[in-house]
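Structure at a glance
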2 protein chains.
Amino acid sequence: MCPAQVQENEQRGYIIPVGGGEKKVRTSTILQKFVELSAGPDARIVIIPTASELDTAGQRTHGVFRELGVTNIEIVDLSTREECEDPKQLERLENATGIFFTGGNQLRLSTTIGGTSAASVIRHGSARGVHVAGTSAGAAFICEHMIADGKPGATPKRGMVSLAPGLGLTNQVIIDQHFRERDRIGRLLTALAYNPFATGIGVDEDTAAFIGPDDTIEVFGSGGLTVLDTSHLEYSSMAEARQGQPVSLMGVRMHILLAGDRYDLKKHTAFPGNK
Amino acid sequence: MCPAQVQENEQRGYIIPVGGGEKKVRTSTILQKFVELSAGPDARIVIIPTASELDTAGQRTHGVFRELGVTNIEIVDLSTREECEDPKQLERLENATGIFFTGGNQLRLSTTIGGTSAASVIRHGSARGVHVAGTSAGAAFICEHMIADGKPGATPKRGMVSLAPGLGLTNQVIIDQHFRERDRIGRLLTALAYNPFATGIGVDEDTAAFIGPDDTIEVFGSGGLTVLDTSHLEYSSMAEARQGQPVSLMGVRMHILLAGDRYDLKKHTAFPGNK
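Going along each chain's sequence as written, the residues are numbered from 1 onward. Whichever chain is written first becomes A and whichever ligand is written first becomes 1, with later ones labelled in order. Reporting of local features is limited, given that this is a predicted model, to residues whose pLDDT is at least 70; pairs of side-chain atoms are given and counted only at 80 or more, and all residues count toward the totals for whole chains, interfaces and linings. To obtain the side-chain values, all non-hydrogen atoms of the structure were used and water was disregarded.

The next thing to look at is the packing of helix α4 (residues 87-95) of chain B against helix α6 (residues 117-128) of chain B. Residues and elements named next belong to chain B. For every element, the axis is a line fit to its C-alpha atoms; helices are fit only across the contacting stretch, and the angle between N-to-C directions ranges from 0 to 180 degrees. In DSSP terms, a helix is any run of H or I states spanning at least four residues, a strand is any run of E spanning at least two, and both are numbered starting from the N terminus. Axis separation between α4 and α6 bottoms out at 9 Å; the angle between their running directions is 15°. On the basis of their axis angle, the class for α4 and α6 is roughly parallel. Of the two possible hands of crossing, α4 and α6 adopt the one that is right-handed. Across from Leu90, Leu93 and Glu94 in α4, the residues of α6 making contact are Ser117, Ala118, Val121, Ile122 and Arg128. The residue classification treats Ala, Val, Leu, Ile, Met, Phe, Trp, Tyr, Cys and Pro as nonpolar and Asp, Glu, Lys and Arg as charged. All others, Gly included, are polar. For the contact of α4 with α6, the residue count by class is five nonpolar, one polar and two charged. The cut-offs work like this: below 35 degrees is roughly parallel, past 145 is roughly antiparallel, 65 to 115 is roughly perpendicular, and the gaps in between are oblique. It is the rotation of the near helix from the far one that decides the hand of a crossing: anticlockwise by less than a right angle makes it left-handed, clockwise makes it right-handed. Two residues qualify as a contact provided that any one of their heavy atoms is within 4.5 Å of a heavy atom in the partner residue.

Here is the structure:
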């Protein structure tokens, strides 16, 4: 699915993929910044724990937001497609200033929420200014083309990655997470090699890309953000490669960004944090 | 990529996936109808043979359109990403009333055209009223989520299908072609099981789905159109299935449509041709 249209006089909310590593999130700057954007102490945070098979995932995240001073926190447990049509749950989503997807399995998110009224409410909320963050599986889910799974390794190979339709808050980027920790540059390059229209964003653990309304990214957290820019791609051998074979890719531009660094997705330009 | 926005007072062109089997196309009603929509004898048809590795693909299709009485036919051979930025080629695309993608390999289309100015011109042309048809690989390429390849068989299985970002003229459907001939219902169901937001359209050879500006489909040609409607999907076990394992899917609605039959993608309703 693709992003809802931003109406005149309105501004899209931030889209915030977090690279996973939730144990560290509690002490990091990432959720602090998310809460601050979502109206600080007046924030109305909705947690969606659908990706996780653990009943405790929502509660754990609830505790973290409480420590950060938020009092209005709702866990909206969309565990079936039927619940994604429940007017009470939809009202909670409508009222949020910030929505947070926990980690787990992104296919639980896309198979449960995809195509439902809940997905539509979240997409329209984002276009209206609601900030939407997701960690790990939650990060993968938020874009139009979602990495469902894949194989580790540095060399792109045909069939190394499985793409599936995601929630569709943005189609400017394809997101991968646990990026450096799980050696995922090959699979992200493979995803881009299929169709180089998007920019690849590899998010390390305890790291987040805050994608602003103007499609400029600012990095937060302790790890790195790998930007793979295929806007000047000269050649990809994907169409000729057989299943499992390596793919040649010419003209990819790469940036490794750290906290404070920025990247303009429209102009394909990176800026150091101190400039 | 997602569809360009249709401006007020304008109407999107028809989007026309054809199921392949080009030998038969010459005598079928499909290209006749395409030419008629594209202004009949005044049509300005552009053929894009990028999907094919054969230099003759464009010429062969050129001959078919000539037989149908079209005089203004251009072959726009976008064989490199550089050519997709060439102002002369872009002007030809701008001037078309109908654009036709030949068959071959859809990854040649997405890797060559994806993210270029040519893709943008075609997307905006479609939103302005240009009719865009594609046969076989050309049919797969035209939607937002493109089936890049997959395995035959009737039972959906995790990993049975590879999706990649397509041209993005519509995100209402996921298209598969040579449908009955190559036993592809399992892979189309798998694509839908990842995220049930789209409707599956399986197009047999010598058959076409004419998707109108109002998102109503009319069937042309000698074969069948299989519609897989997941708008009321109750359950999918995709998130739990391991690679290669079958997936359970509950609540899929199926329609097999023939020439003259119609399907409303917004209301998810099928109409017999005689009503």
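That was the structure; now back to the text.
What follows deals with the confidence of the model for chain A. Within a predicted model, pLDDT stands for the predictor's per-residue confidence, ranging from 0 to 100. Chain-level statistics for chain A give a pLDDT mean of 93 and a share of 97% at 70 or above. Scored by ipTM, the complex comes to 0.78, with pTM at 0.87.

Further remarks concern helix α3 (residues 57-67) of chain A. Residue and element names in this part refer to chain A. When a residue's accessible area, from a 1.4 Å probe over protein chains only, is under 20% of the maximum for its type it is buried; when over 50% it is exposed; and in between it is partly exposed. Taken as a whole, α3 has its buried residues at Ala57, Gly58, Thr61, His62, Val64 and Phe65. Looking down the long axis of α3, one finds its buried residues gathered within 160° of arc, a one-sided arrangement. For α3, the exposed residues set more than 90 degrees away from the buried face come down to Gln59 and Glu67. Considering only its buried residues, α3 is in contact with α2 (29-37), β2 (44-48), β3 (72-75) and β4 (98-101). Directions from the helix axis toward the C-beta atoms define the arc.

A separate point is the relation of the copies chain A and chain B. Here the two chain copies are tied together by a rotation about an axis and a shift along that axis. The two copies are related by a screw motion: chain A maps onto chain B through a turn of 180° and a shift of 0.0 Å along the axis, at an RMSD of 0.0 Å. The transformation just described matches what one would write down for a two-fold rotation axis. A symmetric contact is evident, with 100% of the interface residues of chain A recurring at the interface of chain B. For the least-squares superposition of copies, only C-alpha atoms count, and only for residues with pLDDT at least 70 in both.

This brings us to the packing of aromatic side chains. The relative placement of two aromatic rings is captured by the distance of their centres and the angle of their planes. All names here are of chain A. Aromatic contacts are taken between Phe, Tyr and Trp rings whose centres are within 6.5 Å, Trp giving its six-membered ring; a plane angle under 30 degrees counts as stacked, one over 60 as edge-to-face, and the others as tilted. Here the structure, examined in full by the defined rule, presents 12 aromatic pairs over all chains. On the basis of an interplanar angle of 55° and a centroid distance of 5.9 Å, the ring pair of phenylalanine 34 and phenylalanine 65 is categorised as tilted. Linking phenylalanine 34 in helix α2 with phenylalanine 65 in helix α3, this pair joins segments that are 31 residues apart in sequence. In this pair, the class of phenylalanine 34 matches that of phenylalanine 65, namely buried. Ring centres of phenylalanine 65 and phenylalanine 100 lie 5.6 Å apart, and the angle between their planes is 80°; on these two criteria the pair is classed as edge-to-face. Of the two residues, phenylalanine 65 sits in helix α3 while phenylalanine 100 sits in strand β4, which places them 35 residues apart along the sequence. The class for phenylalanine 65 is buried, based on a relative accessible area of 0%. Cluster of aromatic residues (ring-pair linked, three or more members): Tyr14, Phe210 and Phe220.

This part is about the sheet that holds strand β12 (residues 225-229) of chain B. Residue and element names in this part refer to chain B. We call two strands paired when DSSP finds no fewer than two bridges between them. Pairing is mixed across the open sheet formed by four strands, whose spatial order is β8-β9-β12-β15. Because the sheet does not close on itself, it has two edges, and the strands there are β8 (173-177) and β15 (253-257). Recorded for the sheet is a direction-independent mean angle of 15° between the axes of neighbouring strands. With four bridges joining them, strand β9 (residues 199-203) and β12 adopt antiparallel strand pairing. Residue pairing in the sheet places valine 203 in a bridge with leucine 225 of β12. Packed on one face of the sheet, helix α8 (residues 185-194) meets β8, β9, β12 and β15 and runs near 160° to β9.

Contact residues are listed per partner, giving 35 residues for chain A and 35 residues for chain B. Both faces combined, the contact of chain A with chain B buries some 3100 Å², and carbon together with sulfur accounts for 55% of it. Summed over both partners, the accessible surface that disappears when two parts come together, traced with a 1.4 Å probe, is what is meant by buried area. Looking at the side of chain A facing chain B, the largest losses of area belong to Arg81, Pro165 and Tyr194 of chain A, adding up to 18% of the total buried there. Just to be clear on terms, a salt bridge is a Lys or Arg side-chain nitrogen sitting within 4 Å of an Asp or Glu carboxyl oxygen. Along the contact surface separating chain A from chain B lie four salt bridges.

The next thing to look at is the pairing of strand β1 (residues 15-18) of chain A. Residues and elements named next belong to chain A. Side-chain alternation along β1 places Ile15 and Pro17 on one buried face and Ile16 and Val18 on a second face that is also buried. Looking at chain direction, β1 and strand β10 (residues 207-211) are connected through two bridges and run antiparallel. Looking across to β10, one finds that isoleucine 15 is bridged to isoleucine 211. Relative to strand β5 (residues 131-135), β1 runs parallel, the two sharing four bridges. Residue pairing for β5: valine 18 is matched across the bridge by threonine 135.

Next up on the list: the environment of isoleucine 217 of chain B. All names here are of chain B. Mapped onto the fold, isoleucine 217 is located in strand β11 (residues 216-221). Spatially, the C-alpha atoms of isoleucine 217 and tyrosine 263 are 5.0 Å apart, while their sequence positions differ by 46 residues. Once you skip the residues sitting within four places of it in the chain, isoleucine 217 turns out to touch Ile201, Ala209, Phe210, Ile211, Leu225, Asp261, Arg262, Tyr263 and Leu265.

This brings us to helix α3 (residues 57-67) of chain B. Contacts made by the buried residues of α3 of chain B are with α2 (29-37), β2 (44-48), β3 (72-75) and β4 (98-101) of chain B. Positive phi shows up at glycine 69 of chain B, right after α3 of chain B, with a value of about 95°.

This paragraph deals with the sheet that holds β5 of chain A. Residues and elements named next belong to chain A. Overall, mixed pairing links the nine strands, which are arranged β3-β2-β4-β5-β1-β10-β11-β16-β17 in an open sheet. Pairing within the sheet leaves two strands with one partner each, and these edge strands are β3 and β17 (269-271). Mean inter-strand twist for the sheet, computed between neighbouring axes without regard to direction, equals 20°. The sheet contact formed by strand β11 (residues 216-221) and strand β16 (residues 262-264) spans three bridges and is antiparallel. Directly across from isoleucine 217, in β16, lies its bridge partner tyrosine 263. Packing of α3 onto the sheet brings it into contact with β2, β3 and β4, and relative to β3 it is tilted by some 170°.

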